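A look at the structure
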Number of protein chains: 2
Amino acid sequence: MAADQWLTQLQENGYRLTEARRIVVEAVEKSARALTPIEVYDIARKKYRALGLVTVYRTLEKLEELHLIQRVHQPLGCQAFISAGEGHQHLLLCQNCGQVAFFEGDDLDVLTESIAQKTGYQISEHWLQLFGLCANCRAD
Amino acid sequence: MAADQWLTQLQENGYRLTEARRIVVEAVEKSARALTPIEVYDIARKKYRALGLVTVYRTLEKLEELHLIQRVHQPLGCQAFISAGEGHQHLLLCQNCGQVAFFEGDDLDVLTESIAQKTGYQISEHWLQLFGLCANCRAD
DNA sequence: CACTTATTGAAAATGATTTTCATTATCAAA
DNA sequence: TTTGATAATGAAAATCATTTTCAATAAGTG
Ligand SMILES: [Mn+2]
Ligand SMILES: [Mn+2]
Ligand SMILES: [Zn+2]
Ligand SMILES: [Zn+2]
């Protein structure tokens, strides 16, 4: 999904289109790796010097609310965001450069059914995330 | 693994045994749900009034370093800890009361191999976590 | 253009975690 | 058992991320 569509989504949900939002959206949407609020701020401010960090926080909040971005949990921290996958997808992260790839097709039904049996839990959700080295980083 | 063994581990790694550590270890080891530093503090202080929050942080840090506890990531926050599973295990969390169950026996080899093929990543780790309702909370 | 009000950025407030430091407690060695 | 080196402690201060407050500004509707 392109940056323009994110802006349209914002507008359709009653939010105004502002320069600050345009720049933040562009920075996040373009990125192949998860970005923290400060990282977004630093990148975005290169195009729009007057931008405030508060506005980055507020914009990320709205993008998350509209499911356009998602929070990424990593061993070193859980404050970074990446554009959300479409449908049921999970993340694969490069431990060296942070590059994110999405994947789908995991089938945990047999497993969850078995665990449900053993534990007595009613299982309704799962988090799955893979870590490794991207093609580029493998080369080094 | 019992609290005594955690204390032994601490000692064997050159850390001294103190009253503060004993109390913190007991609180964390006993708990069936993940606890934040403040929660540990509140629980532990019932047995040892003079305990400082700083000491809770420092003790949790050491327990994590020795792999006796592990951080638990949840939608509402990622600062809670629970005793670490033994061997290759994953967590199943009750979305209502927070009760934690461990499970093992997931086999993601076929999946990761296939994803590795498609993406070019060399996959070395995975995070898997299940969410649902524990038997008690289902009853309500 | 005019008007309503959502949005903005600066500054202050908050909350969690870390650092500093003087005091105390642990434990190995005498 | 006593002694001594030093690891560990808790209070207070410092730091860092995030949220709130607020007056000024800009977006979008009519
Ligand atoms: Mn899945
Ligand atoms: Mn596994
Ligand atoms: Zn990489
Ligand atoms: Zn429950």
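In the block above lies the structure referred to throughout.
Worth saying up front: this structure is predicted, and the values here are computed from it rather than measured. (Residues numbered from 1 in each chain as written. Chains lettered and ligands numbered in written order. Predicted model: local features only at pLDDT ≥ 70, side-chain atom pairs only at ≥ 80, totals over all residues. Heavy atoms only, no water.)

Residue and element names in this part refer to chain B. Every protein donor of the manganese ion (ligand 2) is accounted for by His88 (NE2), His90 (NE2), Asp106 (OD) and His126 (NE2), and the metal-donor separations fall at 2.0 to 2.1 Å. Taken in chain order, the donor set of the manganese ion (ligand 2) reads H-x1-H-x15-D-x19-H. Taken together, the residues His90 in strand β3 (residues 90-94) and His126 in strand β5 (residues 122-133) connect sequence positions 36 residues apart. When its relative accessible area of 7% is taken as the criterion, His90 is described as buried. (Donors = N, O, S within 2.8 Å, 3.2 Å for Na, K, Ca; no water. Helix = DSSP H or I, 4+ residues; strand = E, 2+ residues; numbered from the N terminus. Buried < 20%, exposed > 50% of the residue type's maximum accessible area, 1.4 Å probe, protein only.)

Quick look at the pattern of salt bridges now. By the definition in use, this model includes eight salt bridges over all chains. One salt bridge in this structure joins Glu39(A) and Arg33(A), with 3.5 Å as the shortest N-O distance. Taking the shortest distance from any N to any O, the salt bridge between Lys30(B) and Glu26(B) comes out at 3.3 Å. Of this pair, Lys30(B) and Glu26(B) both sit in helix α2 (residues 19-30), four residues apart, which is roughly one turn of the helix. A relative accessible area of 60% places Lys30(B) in the exposed class. A relative accessible area of 25% places Glu26(B) in the partly exposed class. Each member of the salt-bridge network shares a partner with another, and the members are Glu26(A), Lys30(A) and Lys47(A). (Salt bridge = Lys/Arg side-chain N within 4 Å of Asp/Glu carboxyl O.)

With 37 residues of chain A at the interface, the matching set in chain B holds 37 residues. Where chain A meets chain B, there are zero salt bridges. Applying the counting rule to chain A against chain B returns 16 residue pairs in polar contact (both at pLDDT 80 or more). Every element with two or more residues in the side of chain A that touches chain B is listed here: β1 (69-74), β3 (90-94), β4 (100-103), α5 (109-119), β5 (122-133) and α6 (135-139) of chain A. The element best represented in the side of chain A that touches chain B is β5(A), accounting for 12 residues. (Contact = heavy atoms within 4.5 Å. Polar contact = N/O pair within 3.5 Å; in protein donor to acceptor, adjacent residues only side chain to side chain.)

Let us look at the packing of aromatic side chains. Remark: the centre distance and the inter-plane angle together describe each pair of aromatic rings, the angle taken between the planes. Inspection of the entire model under this criterion finds two aromatic pairs over all chains. Relative to Phe131(B), the ring of Trp127(A) lies with its centre 5.1 Å away and its plane at 70°, an arrangement referred to as edge-to-face. You can see Trp127(A) sitting in strand β5 and its partner Phe131(B) sitting in strand β5, one on each of two chains. (Phe/Tyr/Trp six-rings, centres within 6.5 Å; stacked < 30°, edge-to-face > 60°.)

Tracing the chain through its elements places Tyr57(A) in helix α4 (residues 53-65). Expressed as a C-alpha distance, the spacing of Tyr57(A) and Pro37(A), which sit 20 residues apart in the sequence, is 6.3 Å.

Our next topic: the packing of helix α1 (residues 3-12) of chain A against helix α2 (residues 19-30) of chain A. Residues and elements named next belong to chain A. Two elements in contact, α1 and α2, have axes whose closest approach is 9 Å; the angle formed by their N-to-C orientations is 135°. Classed by the angle they form, the pair α1 and α2 counts as oblique. In this structure, α1 crosses over α2, and the sense of that crossing is right-handed. Facing α1, whose interface residues are Ala3, Trp6, Leu7 and Leu10, α2 presents Arg21, Arg22, Val25, Val28 and Glu29. Along the lines of polarity and charge, the residues of the contact of α1 with α2 split into six nonpolar, no polar and three charged. (Axes fitted to C-alpha atoms, helices over the stretch in contact; angles between N-to-C directions. Parallel < 35°, antiparallel > 145°, perpendicular 65-115°, else oblique. Left-handed = near helix turned anticlockwise from the far one by under 90°. Nonpolar A, V, L, I, M, F, W, Y, C, P; charged D, E, K, R; others polar.)

Geometric values such as these leave the question of function open.
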